[in-house]
Amino acid sequence: MQQNNKPIIAPSLLAADFSDLKSELKLCNDSKAEWLHLDIMDQQFVPNLSFGPDIVKSIRPHSNLFFDVHLMVSNPFDMLSAFIDAGADAISFHIETTEPRFTFPPKILINMIKKNNLRCGIAIKPKTSFKVLQKYLPFIDYIVVMSVEPGFGGQGFIPSTLEKISSIDKNLKEKNLRDQIAIQVDGGIKLHNAKEVINAGADILVAGSEVFKSENPSETINKMYSL
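Conventions adopted
Residues numbered from 1 in each chain as written. Predicted model: local features only at pLDDT ≥ 70, side-chain atom pairs only at ≥ 80, totals over all residues. Heavy atoms only, no water. Helix = DSSP H or I, 4+ residues; strand = E, 2+ residues; numbered from the N terminus. Salt bridge = Lys/Arg side-chain N within 4 Å of Asp/Glu carboxyl O. Buried < 20%, exposed > 50% of the residue type's maximum accessible area, 1.4 Å probe, protein only. Phe/Tyr/Trp six-rings, centres within 6.5 Å; stacked < 30°, edge-to-face > 60°.

(A) How the structure looks around unusual backbone geometry. Even without glycine at this site, Gln43 takes up a positive phi of about 65°. Along the chain, Gln43 turns up in the loop between strand S2 (35-41) and helix H2 (53-59).

(B) Spotlight on the pattern of salt bridges. The full count for this structure, using the stated rule, is 7 salt bridges. The shortest N-O distance in the salt bridge between Lys26 and Asp30 comes to 2.6 Å. A salt bridge links Arg178 to Asp203, with the nearest nitrogen and oxygen atoms 3.0 Å apart. With a gap of 25 residues between them, Arg178 in the loop between helix H5 (161-174) and strand S7 (182-186) and Asp203 in the loop between helix H6 (194-200) and strand S8 (204-207) connect regions that are remote in the sequence. Both residues of the pair, Arg178 and Asp203, belong to the buried class. Sharing partners across several salt bridges, the network here consists of Asp169, Lys173, Arg178 and Asp203.

(C) The arrangement of the packing of aromatic side chains in detail. The full count for this structure, using the stated rule, is 3 aromatic pairs. When the ring of Phe18 is compared with that of Phe51, the centres are 5.6 Å apart and the planes differ by 40°; the resulting orientation is tilted. Placement of Phe18 in the loop between strand S1 (8-11) and helix H1 (21-29) and of Phe51 in the loop between S2 and H2 is noted, with a sequence separation of 33 residues between them. We classify Phe18 as partly exposed; its relative accessible area is 39%. Under the relative-accessibility criterion, Phe51 is labelled buried at 9%. When the ring of Trp35 is compared with that of Tyr142, the centres are 6.0 Å apart and the planes differ by 80°; the resulting orientation is edge-to-face. Taken together, the residues span a long stretch of sequence, with Trp35 in strand S2 and Tyr142 in strand S6 (residues 142-146) at a distance of 107 residues. By relative accessible area, Trp35 is classed as buried at 3%. On the accessibility criterion, Tyr142 (0% relative accessible area) is buried.

Here it is as structure tokens:
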């Protein structure tokens with residue numbers, strides 16, 4: 001699933017103006033964006049509360065973008081069906097919600113996502129080692145590397161993430177899994193650091209505030225594609 005040095009830009013809807021969501025979505029549709037990143041927060045795994053499957057379902061008819069649902073929730077299993085039915089194209093969950101407690105073993109979540117023909121990703125927080133994902137790598141499509149602490153938009157990029165991305169990239173290549181597994185980086189992505197993140201090995205860049213808080217979101221997205 002490596003993108004051959006062509007990054008995918010995934011605007012994060014969390015940073016959009018929810019009083020005019022249809023217009024915000026149109027800005028993404030009219031840009032070069034290919035994915036739309038949907039952060040789902042439950043005020044338990046992370047301190048913030050975002051939106052649920054009804055919002056995803058309501059915007060699905062208005063966009064042909066690839067809907068990338070990121071479950072930042074304490075119990076991803078209970079939410080899977082709702083977001084699958086709402087029109088998700090990919091779903092990622094946090095390994096920290098399953099390891100080491102195994103309330104729901106990761107393989108159960110992976111199987112449920114994959115049997116519905118969705119792409120499956122596993123996310124790791126900044127302090128979580130990539131090593132915890134090793135046994136699940138043959139079964140997933142992408143890794144979400146959090147470059148900020150999950151829960152709020154607008155945070156600064158953690159510089160040590162670049163080394164982490166490079167290490168993951170190297171590890172996947174050594175296992176001959178690089179074509180199968182993409183690296184997504186989520187948090188603090190800006191025009192000034194996006195190229196560094198891509199050079200480190202990222203395939204998918206999630207950008208929220210940089211896009212939706214800019215004067216011209218579509219142009220900002222397009223600029224990222226031209227880096």
